[in-house]
Amino acid sequence: FREQPIFSTRAHVFQIDPNTKKNWVPTSKHAVTVSYFYDSTRNVYRIISLDGSKAIINSTITPNMTFTKTSQKFGQWADSRANTVYGLGFSSEHHLSKFAEKFQEFKEAARIAKEKSHEKMELTSTPSQESAGGDIQSPLTPESINGTDDERAMPEVTQNSEPRAEPTQNALPFTHSSTISKHWEAELATLKGNNAKLTAALLESTANVKQWKQQLAAYQEEAERLHKRVTELECVSSQANAVHTHKTELNQTIQELESTLKKKEEEIEGLKQEIENARELQAQRDSLTQKLQEVEIRNKDLEGQLSDLEQRLEKSQNEQEAFRNNLKTLLEILDGKIFELTELRDNLAKLIECG
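Everything in this summary refers to the structure shown in the same document. (Residues numbered from 1 in each chain as written. Predicted model: local features only at pLDDT ≥ 70, side-chain atom pairs only at ≥ 80, totals over all residues. Heavy atoms only, no water.)

1. Comments concerning the overall build of the chain
Right, on to step 1. Counting its secondary structure elements, the chain contains six helices and eight strands.
Right, on to step 2. Moving toward the C terminus, one meets the helices and strands of the chain in the order β-β-β-β-β-β-β-β-α-α-α-α-α-α.
Right, on to step 3. A total of 355 residues make up the chain; the buried ones form 25% of that total.
Right, on to step 4. Residue pairs at least 24 apart in sequence account for 60% of intrachain contacts in the chain once pairs closer than 6 positions are excluded.
Right, on to step 5. About 25,100 Å² of surface is accessible on the chain, with carbon and sulfur atoms providing 53% of the total. (Helix = DSSP H or I, 4+ residues; strand = E, 2+ residues; numbered from the N terminus. Buried < 20%, exposed > 50% of the residue type's maximum accessible area, 1.4 Å probe, protein only. Contact = heavy atoms within 4.5 Å. Areas by Shrake-Rupley, 256 points an atom, 1.4 Å probe, with all protein chains shown as cover.)

This is the structure in structure tokens:
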């Protein structure tokens, strides 16, 4: 292919929500390879990433683009051609800085290439193949983006594979509590999202209820007016037949209004049920928050117990070492006494033999 990768890294890919223009929407479920490509034919640089066979990033670098670091591990840039904003989440600050340096380097190279192209166009006064062909992009395969099978077999550092020390037996209660805490935090985040959605639905439902109550009051007023009209028409005996026909029509209209009113009442009951469900979810969220606080308190207690156990273990080891030293001293003294007794016994035996 005329395009070859000149720098590759791994990151989680996001795009700005086209509706809100505020929230980030993940376009990859896990960290994928993000590569800078150079097209030697058209002298352009592109950022390309594939998730399987789907291209989730295809952005041509232009001199007016800017890569912005929004946190220690996250950066973004806007692509006016694609009418979107791309975001990348890296596993470390080093990977983000390296990607930003390459972005600035290739952006400058694209600017120089554009200036040379304009100078060449002014000298030749003929349109170049690049301007005639437009932004034609070369075909790419997952192998050219993500590397060969041997390259993919090499270990990659992702956001979820941070190196860490193996926990000891004494640290097992603390690790278990941390896992429980993360579980409750995830559930709390999910409930917060559901609570926000239900709150929006509740506000919309409340507005609809007010509107329906106004319509209901208008229907009731219309029904009362029609009943009064029927009574007036019944009083006019000279127009009995017309009144009877009109009365039938009015009764039919009243029945239709009553049917509509019944449907609205059923919808109001449904909205009340949704409000009750929202309140229950709020109560669950409060309960989970309290449990999370209890877990945090328990974690602190376990940390204190672990520190106390470590101090006691160190004290016990020191006492055992002192005891061993005392035993060694006693054994040395005992060996000396035994040696002296042996000499005394030998001397007594010699005296007895001489006597």
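2. Quick word on the pairing of strand E4 (residues 44-51)
Right, on to step 1. Within E4, seven of the eight residues are buried, which leaves it mostly tucked inside the rest of the structure.
Right, on to step 2. Pairing of strand E3 (residues 32-39) with E4 involves six bridges; the strand directions are antiparallel. In the sheet register, phenylalanine 37 faces E4, and the bridge partner there is arginine 46.
Right, on to step 3. Between the antiparallel neighbours E3 and E4 lie four residues, among them asparagine 43 with a positive phi of about 60°.
Right, on to step 4. As consecutive antiparallel partners, E4 and strand E5 (residues 54-60) are separated by two residues, and within that stretch glycine 52 has a phi angle of approximately 75°, a positive value. (Pairing = 2+ DSSP bridges.)

3. A look at the environment of lysine 247
Right, on to step 1. Following the sequence through the fold, lysine 247 ends up in helix H6 (residues 240-354).
Right, on to step 2. Separated by 14 residues in the primary sequence, lysine 247 and leucine 233 have C-alpha atoms spaced 8.1 Å apart.

4. Digging into unusual backbone geometry
Right, on to step 1. Phi is positive for asparagine 43, which is not a glycine, with a value near 60°.
Right, on to step 2. Turning to its location among the elements, asparagine 43 is positioned in the loop between E3 and E4.
Right, on to step 3. On the basis of relative accessibility, which here comes to 32%, the residue asparagine 43 falls in the partly exposed class.
Right, on to step 4. Here the phi dihedral of asparagine 83 falls at roughly 55°; this positive angle occurs in a residue that is not glycine.
Right, on to step 5. Among the secondary structure elements, asparagine 83 is positioned in the loop between strand E7 (74-79) and strand E8 (84-89).
Right, on to step 6. Residue asparagine 83 is classed as exposed on the basis of its relative accessible area of 61%.

5. Details of the nonpolar core
Right, on to step 1. Among the nonpolar cores identified, the biggest contains 23 residues, and Val34, Tyr36, Ile47, Ile57, Trp77, Leu88 and Phe99 are the most heavily contacted of them.
Right, on to step 2. Contributions of two or more residues to this core are made by strand E1 (3-16), E3, E4, E5, E8 and helix H1 (93-124).
Right, on to step 3. With six residues, the single largest contributor to this core is H1.
Right, on to step 4. Contacts of tyrosine 36, omitting those with residues within four sequence positions, involve Gln4, Pro5, Ile6, Phe7, Arg46, Ile47, Ile61, Phe99, Lys102, Phe103 and Phe106.
Right, on to step 5. In terms of nonpolar packing, the next biggest core, distinct from the first, is built from six residues, Trp184, Leu188, Leu288 and Val295 among them. (Core = buried A, V, L, I, M, F, W, Y, C linked by side-chain atoms within 4.5 Å.)

6. Some words on the packing of aromatic side chains
Right, on to step 1. In this structure the tally under the stated criterion is 14 aromatic pairs.
Right, on to step 2. Ring centres 5.5 Å apart and planes at 50° place the aromatic pair phenylalanine 90 and phenylalanine 99 in the tilted group. Side by side, phenylalanine 90 and phenylalanine 99 carry an identical accessibility label, which is buried.
Right, on to step 3. Grouping aromatic residues by their ring pairs yields a cluster made of Phe7, Tyr36, Tyr38, Tyr45, Phe67, Trp77, Tyr86, Phe90, Phe99, Phe103 and Phe106. (Phe/Tyr/Trp six-rings, centres within 6.5 Å; stacked < 30°, edge-to-face > 60°.)

7. Here's the deal with the pattern of salt bridges
Opposite charge on two side chains makes pairing possible when the charged atoms of those side chains draw close.
Right, on to step 1. Following the criterion strictly, the structure yields seven salt bridges and no others.
Right, on to step 2. Across the pair aspartate 286 and arginine 285 runs a salt bridge whose closest N-O atoms are separated by 3.7 Å.
Right, on to step 3. Residue classification places arginine 285 among the partly exposed residues on the basis of a relative accessible area of 22%.
Right, on to step 4. Residues joined in a network through salt bridges with shared partners are Glu108, Arg111 and Glu115. (Salt bridge = Lys/Arg side-chain N within 4 Å of Asp/Glu carboxyl O.)

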